[in-house]
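Take a look at the letters that make up each chain.
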Amino acid sequence: MQVKFESNDPEGSKMQEVSLSRLSFVMRRMAWLISDAKVNLTDINGPHGGVDKRCRIELKTDTVGTVVITSLAQDWRGALEHALSRANQTLLRIWRRKNSNRRGALRNTSKTQTFAI
């Protein structure tokens, strides 16, 4: 899994190592599914404060496509953790849906029809 990190804020750039290690830890069980990952930390309104730290995680896979998750929080760590949690849940849910066997599909194929000649 190739991981890229981007940030437009000097404070966010300090989170590079934490972001990369947390991403690899949280996605360790799904790493076989992810080919590329991108973490982007942005401070929306600069030094004004408030809930303005945005973490955007983009996961590219061959089987389920691209998953993009964005999270807002008051601090960098909160935005990162929330985005990682949602990305993991979303990727797992999409993968399960794609690979599940539906009962209706199995039931319809097992029916036999008889015709009178």
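None of the values given here were measured: they were computed from a predicted structure. (Residues numbered from 1 in each chain as written. Predicted model: local features only at pLDDT ≥ 70, side-chain atom pairs only at ≥ 80, totals over all residues. Heavy atoms only, no water.)

Visitor: Is there a simple way to explain the packing of aromatic side chains in this structure?
Guide: For any pair of aromatic rings, the description consists of the separation of the ring centres together with the inter-plane angle of the planes. Scanning the entire structure with this criterion turns up one aromatic pair. When the ring of tryptophan 32 is compared with that of tryptophan 95, the centres are 5.8 Å apart and the planes differ by 85°; the resulting orientation is edge-to-face. Separated by 63 residues along the polypeptide, tryptophan 32 in the loop between helix H2 (16–26) and strand E2 (34–43) and tryptophan 95 in helix H3 (residues 76–99) bring together distant segments of the chain. Residue class for tryptophan 95 comes out partly exposed when judged on its relative accessible area of 28%. The aromatic ring of phenylalanine 25 is capped on one face by arginine 28, whose charged end is 4.2 Å from the ring centroid. (Phe/Tyr/Trp six-rings, centres within 6.5 Å; stacked < 30°, edge-to-face > 60°. Helix = DSSP H or I, 4+ residues; strand = E, 2+ residues; numbered from the N terminus. Buried < 20%, exposed > 50% of the residue type's maximum accessible area, 1.4 Å probe, protein only. Lys NZ or Arg CZ within 6 Å of the ring centre and 35° of its normal.)

Visitor: How should I be thinking about H3 in this particular structure?
Guide: Working note: α-helix, 3.6 residues per turn, so residues spaced by three or four point in the same direction. Here H3 is 24 residues long and its end C-alpha atoms lie 35 Å apart, about the 34 Å a rise of 1.5 Å per residue gives. In this structure, the buried residues of H3 make contact with helix H1 (10–13), H2, E2, strand E3 (53–61) and strand E4 (66–73). (Expected span 1.5 Å × (residues − 1). Contact = heavy atoms within 4.5 Å.)

Visitor: How should I be thinking about the packing of H2 against H3 in this particular structure?
Guide: In helix packing, the relevant descriptors are the interaxial angle and the interaxial distance, both defined with respect to the helix axes. Put simply, H2 and H3 touch, their axes get as near as 10 Å, and they point 25° apart. When the axis of H2 is compared with that of H3, the two are roughly parallel. In this structure, H2 crosses over H3, and the sense of that crossing is right-handed. Contacts between H2 and H3 involve Val18, Ser19, Arg22, Leu23 and Val26 from the first element and Arg77, Leu80, Glu81, Leu84 and Asn88 from the second. For the contact of H2 with H3, the class distribution of residues is five nonpolar, two polar and three charged. (Axes fitted to C-alpha atoms, helices over the stretch in contact; angles between N-to-C directions. Parallel < 35°, antiparallel > 145°, perpendicular 65-115°, else oblique. Left-handed = near helix turned anticlockwise from the far one by under 90°. Nonpolar A, V, L, I, M, F, W, Y, C, P; charged D, E, K, R; others polar.)

Visitor: Which parts of the structure should I look at to understand the sheet that holds E3?
Guide: Each strand in a sheet pairs with another by means of backbone hydrogen bonds, the pair being arranged parallel or else antiparallel. Taken in spatial order, the four strands make up an open sheet running E1-E2-E3-E4, and their pairing is mixed. Every interior strand has two partners, whereas the edge strands, strand E1 (2–7) and E4, have only one. Between one strand axis and the next, the sheet turns by 10° as a mean value, whatever way the strands run. Here E2 runs beside E3; their pairing, made up of nine bridges, is antiparallel. Across the sheet, the residue bridging to valine 39 is isoleucine 57, located in E3. (Pairing = 2+ DSSP bridges.)

Visitor: What's the story with H2 in this structure? I'm lost.
Guide: Ser19, Arg22, Leu23 and Val26 are the residues of H2 that are buried. Viewed end-on, H2 has its buried residues packed into an arc of 100°, placing them on one side of the element. In this fold, the buried residues of H2 make contact with E1, E2, E3 and H3. (Arc of directions from axis to C-beta.)

Visitor: How should I be thinking about the pairing of E3 in this particular structure?
Guide: Residues in a regular strand project their side chains so that they alternate between the two faces of the sheet. Summarising the sheet, E3 and E4 pair through eight bridges and their orientation is antiparallel. The residue bridging glutamate 58 from the neighbouring strand is valine 68, located in E4. Here E3 folds back onto E4, and the loop between the two strands holds four residues, one of which, glycine 65, carries a positive phi near 95°.

Visitor: Explanation requested: the environment of leucine 72 in the structure shown.
Guide: Looking at the secondary structure, you find leucine 72 in strand E4. Residue leucine 72 is classed as partly exposed on the basis of its relative accessible area, which comes to 48%. Put simply, leucine 72 and lysine 53 are 19 residues apart on the chain and 5.6 Å apart in space, counted from C-alpha to C-alpha. Once you skip the residues sitting within four places of it in the chain, leucine 72 turns out to touch Ile44, Val51, Lys53 and Arg54.

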